[in-house]
Amino acid sequence: MKNLILIFISTVLVNNLVLTYFLGICPFLGVSGKLESAFGMGMAVTFVMTLATSISWLIYHFLLERFGLLFLEYVIFILVIASLVQIVEMFIRKFSPSLYQSLGIYLPLITTNCAILGAALFMVTRNYDFLESVVFGFSGGIGFSLVLLIMAGIREEVNYADIPYAFRGAALTLIIAGLLALVFMGFSGLISS
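Calculation criteria
Residues numbered from 1 in each chain as written. Predicted model: local features only at pLDDT ≥ 70, side-chain atom pairs only at ≥ 80, totals over all residues. Heavy atoms only, no water. Helix = DSSP H or I, 4+ residues; strand = E, 2+ residues; numbered from the N terminus. Contact = heavy atoms within 4.5 Å. Buried < 20%, exposed > 50% of the residue type's maximum accessible area, 1.4 Å probe, protein only. Phe/Tyr/Trp six-rings, centres within 6.5 Å; stacked < 30°, edge-to-face > 60°. Lys, Arg positive; Asp, Glu negative; His and termini not counted. Salt bridge = Lys/Arg side-chain N within 4 Å of Asp/Glu carboxyl O. Patch = residues over 30% accessible without salt bridge, like charges linked within 9 Å, V, L, I, M, F, W, Y side chains within 5 Å. Areas by Shrake-Rupley, 256 points an atom, 1.4 Å probe, with all protein chains shown as cover. Axes fitted to C-alpha atoms, helices over the stretch in contact; angles between N-to-C directions. Left-handed = near helix turned anticlockwise from the far one by under 90°. Nonpolar A, V, L, I, M, F, W, Y, C, P; charged D, E, K, R; others polar.

Tracing the chain through its elements places Leu17 in the loop between helix H1 (2–14) and helix H2 (25–30). Sequence separation between Leu17 and Gly141 is 124 residues; the distance between their C-alpha atoms is 8.8 Å. Every residue in contact with Leu17, bar those within four places of it in the chain, is listed here: Thr11, Phe22, Leu23, Met49, Ala115, Ala119, Phe122 and Gly140.

Now the structure itself:
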């Protein structure tokens, strides 16, 4: 149980996939303009990442490793992620059309979100068992959601501030992202992994 808690804390705070490994930057910068769309994207990524690491672990250990097909690892993981994203996209389009509109092109781009593929590959390289993989995938999604929501909250507040013209738009967004990465570096002494 202690190991699962350490994996959770480590993945959410210390080794955050976005701010430590710089995975998933495209949706992090693109969807973090409003809290509503950031929350929706965060939940979608958490769902896909949790299922992708779980299913990828099963496929890796029961098919790829057993039959010596490890060279198909990337292809299989991407197919799993793409299938899950299609399911999420259909669900959101059906039950929340406004969220579907606000996420726009970034929803299908979850398929190519390198944070999800990175989580599946990290799960393999770190030799996690099935339960550890599920916790790692879930906490990776929670960490992604956390930084997405923090960024969206800051960007919504900045919209009301008097910002010099040179810093408006992408420049300020990248400065904020860099400062967030520095803030999360403060957690680096908590857990070593």
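Time to look at H1. Along H1, the residues classified as buried are Leu4, Ile7, Ser10, Thr11, Val12 and Val14. On its buried face, H1 is in contact with helix H7 (130–158) and helix H8 (170–185).

The subject of this paragraph is the packing of aromatic side chains. Applying the stated criterion to the full structure yields seven aromatic pairs. Judged by centre distance (4.8 Å) and plane angle (45°), the ring pair of Phe91 and Phe95 falls under tilted. A residue pair is termed a helical-turn pair when its members lie 3 or 4 positions apart in one helix, as Phe91 and Phe95 do in helix H4 (residues 73–95) at four residues. Taken as a pair, Phe91 and Phe95 share a single burial class, namely exposed. Each ring, one from Phe184 and one from Phe187, has its centre 5.5 Å from the other, and the planes form 75°; the classification is edge-to-face. Taken together, the aromatic side chains of Trp57, Phe62 and Phe130 make up a single cluster linked through ring pairs.

Turning next to the side chain of Glu132. With respect to the helices and strands, Glu132 occurs in helix H7. In this structure Glu132 is buried but unpaired, with Arg126 as the nearest side chain of opposite charge at 10 Å. Other than its neighbours up to four places away in sequence, Glu132 contacts Asn3, Leu4, Ile7 and Asn127.

Let us look at a nonpolar patch on the surface. Residues Leu58, Phe62, Leu63, Phe67, Leu69, Phe71 and Phe130 make up a contiguous nonpolar surface patch of roughly 680 Å² in combined accessible area. The element that contributes the greatest number of residues to the nonpolar patch is helix H3 (residues 35–64), accounting for three residues. In this fold, Phe130 is placed in helix H7.

The next thing to look at is the packing of H3 against helix H6 (residues 114–125). Packed helix pairs are characterised by how far apart their axes lie and by the angle those axes make with each other. Close contact between H3 and H6 brings their axes to 9 Å; oriented N to C, the two are set at 35°. As H3 runs across H6, the sense of the crossing is right-handed. Facing H3, whose interface residues are Val45, Val48, Met49, Ala52, Thr53, Ser56, Trp57 and Tyr60, H6 presents Ala115, Ile116, Ala119, Ala120, Met123 and Val124. Counted by class, the contact of H3 with H6 contains twelve nonpolar, two polar and no charged residues.

With that settled, the discussion passes to the environment of Phe67. Position of Phe67 among the secondary structure elements: in the loop between H3 and H4. Sequence-wise, Phe67 and Pro27 are 40 residues apart; in three dimensions their C-alpha atoms are separated by 36 Å.

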